[in-house]
Amino acid sequence: MALLSVVWAAGCAKPAYVLEPDPTPYVRDDPTEYFLYLPAGYTAERAWPVFVGVHGFGGSGRSCLNLWQASADEEGYILVCPSLADESGGWYVSYGEKVLMMVLQRVRKECHTQKRVFLAGFSAGAEFVQAFVFDQPGLVAGVSVLSSGNYYAPRKQARGIPFLVVIGDEDDPAGLKGARQFSELLQAQGFRVDLHILPGVTHRVSAEAQRLTLDFYREVMAER
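Residues numbered from 1 in each chain as written. Predicted model: local features only at pLDDT ≥ 70, side-chain atom pairs only at ≥ 80, totals over all residues. Heavy atoms only, no water.

### Structural notes on the nonpolar core
Nonpolar side chains tend to gather and get buried jointly when the protein is soluble and globular. With 44 residues, the main nonpolar core has L36, V52, I78, V80, L119, V133 and F163 as its most contacted residues. Other than its neighbours up to four places away in sequence, V133 contacts L119, V140, V143, A158, I161 and F163. In this structure, L79, A209, L212 and Y217 belong to the second largest nonpolar core, which totals 26 residues. (Core = buried A, V, L, I, M, F, W, Y, C linked by side-chain atoms within 4.5 Å. Buried < 20%, exposed > 50% of the residue type's maximum accessible area, 1.4 Å probe, protein only. Contact = heavy atoms within 4.5 Å.)

Spelled out as structure tokens, the structure:
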């Protein structure tokens, strides 16, 4: 995976911070379709945390919006849910990273956000968030890896970023084995990692996986 050279904030112009809370939420189509939800208490007076939900193969930003929107008001985060898949339902990591960087640039212009974001990815999206963390560690506060099928070798430059790894014990056996090995590698290299293997859960984001992710999000934000 090559490190991206995309500039985080283009130019020196002061951000506009023009958006206000909208329960619909906002839908954008440039550089890709993405959904943007601002919590009810949002004002541009302070920088808000950003929660990015990344869908799996064949999914879209709408599926992540459905998963995480209900918690945005209570937890107080700006929710960003991009649609990264191409016509085949998948995407290349380099393409997805470039697109997500551009999405976050636009969100930063419209909303007052913290620099580091929290990532939660499911299935192929769980593979993607690993790659994003290891390529862009300076932009990530924490990451929830949900039911990933494959895992990347950890990179030491991302050591300060905490990981949550969740998978069901009835998921694909290769993914289950990979989750254990990945967590062991993270731990051996000095990362903070919480591994949860959920009994009776297949390849999906269960209510327990959602709860664990939100609990983890609170812990990460409280430590910043």
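Alright, that's what it looks like, and here's the rest.
### Observations regarding the packing of aromatic side chains
In the structure shown here, the tally under the stated rule is 14 aromatic pairs. Measuring from ring centre to ring centre gives 5.3 Å for Y77 and Y217, while their planes differ by 75°; the resulting arrangement is edge-to-face. You can see Y77 sitting in the loop between α1 (61–75) and β4 (78–82) and its partner Y217 sitting in helix α5 (residues 207–222), a full 140 residues away along the chain. The pair formed by Y77 and Y217 is uniform in burial state, with each residue classed as buried. (Phe/Tyr/Trp six-rings, centres within 6.5 Å; stacked < 30°, edge-to-face > 60°. Helix = DSSP H or I, 4+ residues; strand = E, 2+ residues; numbered from the N terminus.)

### Brief notes about the sheet that holds strand β2 (residues 34–37)
Strand order in the open sheet made by the eight strands is β1-β2-β4-β3-β5-β6-β7-β8, with mixed pairing throughout. The strands lining the two open edges of the sheet, one partner per strand, are β1 (26–28) and β8 (193–198). On average, each strand axis in the sheet is inclined to that of its neighbour by 15°, with strand direction left out of account. Pairing analysis gives six bridges linking strand β3 (residues 48–54) to strand β5 (residues 113–122), with the strands arranged parallel. Bridge assignment links W48 to a residue of β5, and that residue is T113. Contacting β3, β5, β6 (140–146) and β7 (163–168), helix α3 (residues 124–135) runs over the sheet at an angle of about 145° to β5. Where helix α4 (residues 173–188) meets the sheet, it contacts β7 and β8, and its direction lies at approximately 160° from that of β7. (Pairing = 2+ DSSP bridges. Axes fitted to C-alpha atoms, helices over the stretch in contact; angles between N-to-C directions.)

### Some remarks on the packing of α1 against α5
Where α1 meets α5, the axes come as close as 12 Å, and the angle between the chain directions of the two elements is 35°. Classified by chirality, the crossing of α5 by α1 is right-handed. Here L67, W68, S71 and E75 of α1 come into contact with α5, specifically with Q210, T213, L214, Y217 and R218. Grouping the constituent residues of the contact of α1 with α5 by class yields four nonpolar, three polar and two charged. (Left-handed = near helix turned anticlockwise from the far one by under 90°. Nonpolar A, V, L, I, M, F, W, Y, C, P; charged D, E, K, R; others polar.)

### Remarks on the pattern of salt bridges
Overall, the coordinates contain nine salt bridges when judged by the stated rule. Salt-bridge contacts for R28 lead to E110; the nearest nitrogen and oxygen are separated by 3.0 Å. Placement of the pair is R28 in strand β1 and E110 in helix α2 (residues 93–110), with a sequence separation of 82 residues. Residue class for E110 comes out buried when judged on its relative accessible area of 12%. Between D215 and R218 there is a salt bridge, with its nearest N and O atoms 2.5 Å apart. Linking D215 with R218, this pair stays in helix α5, spanning three residues, or about one helical turn. In this structure D215 comes out as partly exposed when scored by relative accessible area, which is 25%. Several salt bridges converge on common partners, so that one network encompasses E75, E208, R211, D215 and R218. (Salt bridge = Lys/Arg side-chain N within 4 Å of Asp/Glu carboxyl O.)

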